[in-house]
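This is what each chain is made of:
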Amino acid sequence: MNRYFYIFLGTTFLLFQFGWCQQNQKLLYASLSEKIYLQLDGNVYTNNQTVWFKAIVTNATDHKPTSLSGVLYVELISPDEKITRKKLVKIENGIGDGFFQLHESDMTGRYLIRAYTQWNQNFGEALIFKEYIKIYPSSSKEEENPITNIALVEKQPGKFWFNATLNPFAVDSLHEKKLKVYITLDGKKDSLSIKRNRDEKYSIDYPVPADGQLITLNMTTNNLINYSKTIALDQDLIDFQFFPESGALVDGLPGKVAFKVLDLSGNGKKVTGDIVDEGGRVITSFKSNALGMGVFAITANSDVDYYAKLASKSDEGLSLKYPLPKAVPEGNILSVRKAQDKIHLTASSNYLVNDSVYIHVRSRGLKQYLIKGTLKEGEIGFFISAIQLPDGIIEFTLMDSKQPLAQRLYFNERLSERLDIEISTKKNSYVQREKTTLDISIADDQNKAVSANLSVLVINKEQLGLVQNMRQNILTYLLMDSELKGNIEKPGYYFREENTTRYQDLDALMLTQGWRGYLYNNISGDTLLTPPEYMLNLSGSVKTSFSGKRKKREVELTMMTFNEPRLIQSQTTNDFGRFHFNINDQYGPDLNVVIQSANKAGKKKDYTILLDKKIMPSISFDQKKSIDKVDSMFNFIVDKNQERKMVDDAFRLSEGITYLDEVVIEEYQITPEREKVLKRLGKPDVVIDGDAIREKEEEWSYGLYSVLLFSFPNDIAIRRVGGPGGFLYAKVLGGFGPTLVVIDGIPVLNYNYHLIPGIPPSEVKSVEIIRGAKDFLNLFLEVVPDADPFSAPGAGDVISIYTHAGKGLRGSRSPKGLIQTSVPVFSPRREFYKPKYEKLLPKDWVKPDLRALLHWEPTIKTDSQGRASTSYYNADNIGETVVVVEAISDDGKIGYKEIEYIVDKRDR
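Residues numbered from 1 in each chain as written. Predicted model: local features only at pLDDT ≥ 70, side-chain atom pairs only at ≥ 80, totals over all residues. Heavy atoms only, no water.

Let's shift gears to the overall build of the protein. Within the protein one finds 11 helices and 51 strands. Within the span of the protein, comprising 908 residues, buried residues form 52% of the whole. Relative to all contacts within the protein whose residues are 6 or more apart in sequence, the contacts with residues 24 or more apart total 68%. (Helix = DSSP H or I, 4+ residues; strand = E, 2+ residues; numbered from the N terminus. Buried < 20%, exposed > 50% of the residue type's maximum accessible area, 1.4 Å probe, protein only. Contact = heavy atoms within 4.5 Å.)

Structure (structure tokens):
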């Protein structure tokens, strides 16, 4: 004890509060970064369900709802790394909500949901919210597997080939000729073009290294339909990782070593074993928790090698050994442990003896304290009260006068800093289809009412309760996930009150996960290139003949929108030719916009208008998440979802109900381009397949219209406009007015119509006729920008052309001085459907109500007394029901609460 003593902060050594010494401009910038959290209603779905989400965007350092960003981008990314859905969510006081509607045409597999703001991209990929969900088929019927006969063949000793049979027709019945296959093998990418075999199949025979772990196949048909699958080449291979406390084992110094054992999917694997030296002598034993993590103590010698030894599961007489990091001859260790309400820190060194050292204490990038002390024979101890530090991850850094010597992360659990949420029901138990009212009150640790925004999620415990226990929530994300590098498996595990080893498990996590401190410390003003997006806007620049070194001249711009309500704005560019139009809150399909330039006198000029592009981060998809593993919990949820759909379908048939919106035209694939046209203009009356057009093509044919002219005279008339030197114009026969043309969902401007006839038939997938198209007036005003809105035709027809390239009319260019575009606007919100059983009649029980998700209300605001309420009706599932409330206050405090009640069988 002579050389080990504790110093209580604030008595012997100077303590610097961050507010007194904050001079670091980088931290000032970092304090403006944002955290984004999405609360999902689940993480396992079938492809007929809705994915509901609530968005919370906060300041990174204090978790107060952001005042910077008003627009949030939320994307659903499929297993083949394509963005299949994109939502623009209005963020107001840091809060927003939305949904993704899944369709039975969606491929199954692991999907990524990510969310970001334009502003937060200044701070790198790490602050982009990411969560993976699993989507299964909604029907239990067996589907044709696109990739089968998977095998790893050893053709020569130590030489392996990966074999598989590919069936592109399972995803694209119209595929023909060669198949393109993209291969990712342990991070390295390759591509192949495969011909069909004599047996009408496509086979792959690909060499792989003996130590290969993961291979991902992404096959792309000639109609650009993708299918992706990731296969583990060695199912038993594990990744054994070691994390010495403070970063290194140090010769002669007692230290902790945390470890993590992962399978090929990146999930923790529970293990037990021994630590042995190079001679086989057992030094200590170790045991992991359920997530493959644990801690053991060791005093290492730098001249000795150490190993973790596991018994082999495949060979009883064999043991597997994994080397520990080599101990360094000279080094330092900073140890942290908790005793009641005190945090004990011990700094030790095997080469510093009586030197001065410092400990920097930070939380979320902000300095909390600076502690100074002097080593006594290479060691010194401190303690600090836990209530003096914020809730969440604390970074302790040991330094000498010049540089960092050691670092340690610690999770400080401050329950008093969290919101106190109380949820009450009128009764402890209810019966099927009975109304339940929840009364919610929110207060701080002093029992004072708190103004907060909260969400309510109500689920059937048997089906979704275990998933809810382990998955991400507002506490785990804002306090833990967002501060750490890498994937955290089952984050909810660390915050369950019934977890008796919670403190030990959290400490093991702090030792094994790297901190994202670089997010806060490596930011400067030079990196803040993207301004915050307070609201929907359209910005860009104007190039004039006077641009260059000379000062640019001011240009008058007029922006017109054609959606309802219509909007006309005018402004003058600044000295640098920049413009910025704010757009009123708009919801629905993309906003159609025309911008016209003029000089100061108002005369139209041929200036070039360039629009700024919104920055979209590159897609980073962890293919390990796509490895299929047997999971009884997931299978149970899927079985129940499929059972519900089967019951619903049977009821519809028995009642003679037909849902027209669900009718699918045979061999008519709903691509994103077609979906866009269907929603805006309506369903086609006639579909002319590209193959039929090519069959009618003659040697003398000189483009698409020349084939249509002679081969499909009953549907389309081709006329020449402008005399002998004019161009060909297509007119729908039996229509309602003039004919407009849309290619790949993109309207063709009237001055580009002369380019349409020459489209090669080989590029055409289909030509589709829509008689009496919806929204025709607005489409006409887009196609003919100079038209008078009051005399424009309100009815007409559309020829919709789809090409293999999917990029619209090639070679078309807007005239100078005018630009037409479409601007994404806020995605419409949808109210969660809740059945009402106010007056139950015998006939109401004919259709079972098997909902697992009973209630979803993403945005509820408490009143001045901190109270709120909501109500809903229970379903027919009996047993325990779980109510989940997540909340955030105006000053950044967060809270999470669950309660349960019973639903009993009803006497009818």
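Now for the side chain of Thr573. Structurally, Thr573 can be placed in the loop between strand E36 (567–572) and strand E37 (578–582). Relative accessible area serves as the criterion here: at 2%, Thr573 is assigned to the buried category. At 2.9 Å, the side chain of Thr573 forms a polar contact with the backbone nitrogen of Val555. (Polar contact = N/O pair within 3.5 Å; in protein donor to acceptor, adjacent residues only side chain to side chain.)

One finds Leu38, Leu72, Met480 and Tyr494 to be the most contacted residues of the largest nonpolar core, which totals 63 residues. Among the elements that make up this core, the one with the highest residue count is strand E3 (residues 50–59) (six residues). Setting aside its immediate chain neighbours within four residues, Tyr494 contacts Leu291, Met293, Met480, Ile488, Glu489, Arg502, Asp505, Leu506 and Leu509. With 41 residues, the next largest nonpolar core counts Leu704, Val732, Ala773 and Ile801 among its residues. (Core = buried A, V, L, I, M, F, W, Y, C linked by side-chain atoms within 4.5 Å.)

Next up on the list: the sheet that holds strand E1 (residues 34–40). With respect to topology, three strands assemble into an open sheet ordered E1-E3-E6, the strand pairing being antiparallel. Edge positions in the sheet fall to E1 and strand E6 (95–101), since each has one partner strand and no second. Within this sheet the neighbouring strands show an average axis-to-axis angle of 25°, counted without direction. With seven bridges connecting them, E3 and E6 associate as antiparallel partners. When the sheet's bridge partners are listed, Thr50 is paired in E6 with Gln101. (Pairing = 2+ DSSP bridges. Axes fitted to C-alpha atoms, helices over the stretch in contact; angles between N-to-C directions.)

Take the pairing of strand E15 (residues 226–232) next. For E15, a buried count of seven out of seven residues is recorded, marking the element as mostly surrounded by other parts of the structure. Neither face of E15 is left uncovered, since the one carrying Asn226, Ser228, Thr230 and Ala232 and the one carrying Tyr227, Lys229 and Ile231 both have all their residues buried. Pairing of strand E14 (residues 214–220) with E15 involves seven bridges; the strand directions are antiparallel. Residue pairing in the sheet places Asn218 in a bridge with Ser228 of E15. In this structure, the hairpin formed by E14 and E15 is closed by a connection of five residues, where Leu224 is found at a positive phi of approximately 65°.

Before going further, it helps to examine the pattern of salt bridges. In the structure shown here, the tally under the stated rule is 30 salt bridges. Arg674 is the salt-bridge partner of Glu768, the closest N and O atoms lying 2.8 Å from each other. Of this pair, Glu768 sits in strand E45 (residues 764–770) while Arg674 sits in helix H8 (residues 672–681), and the two are 94 residues apart along the sequence. Residues Glu768 and Arg674 agree in their burial class; the two are buried. Each of Glu75, Lys86 and Arg114 takes part in a single network of salt bridges with overlapping partners. (Salt bridge = Lys/Arg side-chain N within 4 Å of Asp/Glu carboxyl O.)

Inspection of the entire model under this criterion finds 24 aromatic pairs. With a centroid separation of 5.6 Å and an interplanar angle of 40°, the aromatic rings of Phe53 and Phe100 are classed as tilted. Here the residue Phe53 occupies a position in strand E3, and Phe100 occupies one in strand E6, the gap between them amounting to 47 residues. Using a relative accessible area of 0% as the deciding quantity, one classes Phe53 as buried. (Phe/Tyr/Trp six-rings, centres within 6.5 Å; stacked < 30°, edge-to-face > 60°.)

Our next topic: the side chain of Arg85. With respect to the helices and strands, the residue Arg85 is situated in strand E5 (residues 83–90). Only 3.1 Å separates the side chain of Arg85 from the backbone oxygen of Gln101, close enough to count as a polar contact. When neighbours within four sequence positions are excluded, Arg85 is seen to be in contact with Val74, Glu75, Leu76, Phe100, Gln101, Leu102, His103 and Asp106.

This part is about the sheet that holds strand E50 (residues 879–889). Sheet strands line up and pair through hydrogen bonds in the backbone, either parallel or antiparallel. If you walk across this open sheet you meet the five strands as E31-E51-E50-E33-E48, and the pairing is mixed. Looking at strand neighbours, the two that pair on one side only are strand E31 (429–431) and strand E48 (853–861), the edges of this open sheet. Across the sheet, the axes of successive neighbouring strands diverge by a mean angle of 25°, strand direction being ignored. Both E50 and strand E51 (residues 894–904) contribute to a ladder of 10 bridges, which runs antiparallel. Paired with Val885 across the bridge in E51 is Lys897.

A few words now on the environment of Thr230. Considering the arrangement of structural elements, one finds Thr230 in strand E15. Judged by its relative accessible area of 5%, Thr230 falls in the buried class. Distance in space between the C-alpha atoms of Thr230 and Ile215 is 5.7 Å, their sequence separation being 15 residues. A distance of 2.9 Å separates polar atoms of two side chains, one belonging to Thr230 and the other to Thr216.

Below, the discussion takes up helix H10 (residues 704–711). Taken together, the buried positions of H10 are occupied by Leu704, Tyr705, Ser706, Val707 and Leu708. Those residues of H10 hidden inside the fold are in contact with helix H9 (690–695), strand E41 (716–721), strand E42 (727–732), strand E43 (739–743), E45 and strand E46 (797–803).

In this fold, Ser620 is placed in the loop between strand E39 (608–611) and helix H7 (632–655). Since its relative accessible area comes to 34%, Ser620 is described here as partly exposed. Spatially, the C-alpha atoms of Ser620 and Glu81 are 8.2 Å apart, while their sequence positions differ by 539 residues. Residues within four places of Ser620 in sequence aside, it is in contact with Leu112, Glu125, Lys130 and Tyr132.

Moving on to the environment of Lys605. Locating Lys605 in the fold gives a position in the loop between strand E38 (591–598) and E39. On the basis of relative accessibility, which here comes to 31%, the residue Lys605 falls in the partly exposed class.

Before going further, it helps to spend a moment on unusual backbone geometry. Positive phi, close to 65°, is recorded for Glu81, a residue that is not glycine. Within the secondary structure layout, Glu81 lies in the loop between strand E4 (71–77) and E5. Despite not being glycine, Ser246 has its phi angle at roughly 75°, a positive value. Within the element layout of this structure, Ser246 appears in the loop between strand E16 (239–244) and strand E17 (254–262). Since its relative accessible area comes to 15%, Ser246 is described here as buried.

Burial within helix H11 (residues 776–783) is extensive, with seven of its eight residues counted as buried. Here H11 has its buried residues at Phe776, Asn778, Leu779, Phe780, Leu781, Glu782 and Val783.

As a further point, take the confidence of the model for the protein. Residues shown with low pLDDT carry predicted positions that ought not to be read at fine detail. Here the protein averages 83 in pLDDT, and 85% of its residues register 70 or above. A low-confidence stretch, residues 1–27 (pLDDT under 50), is modelled with 54 contacts involving residues beyond four sequence positions or located in other chains. Scored below 50 in pLDDT, residues 655–667 shows seven contacts in the model against residues more than four places distant or in partner chains. (pLDDT = per-residue confidence, 0-100.)

Inspection of the sheet shows strand E30 (residues 420–425) paired to strand E32 (residues 435–443) by six bridges, in the antiparallel sense. The residue of E32 that forms the bridge with Thr425 is Leu438. In this sheet, strand E49 (residues 867–873) lies alongside E32 in antiparallel orientation, the contact comprising seven bridges. Within E49, the position partnered with Thr437 by the bridge is Ser871.

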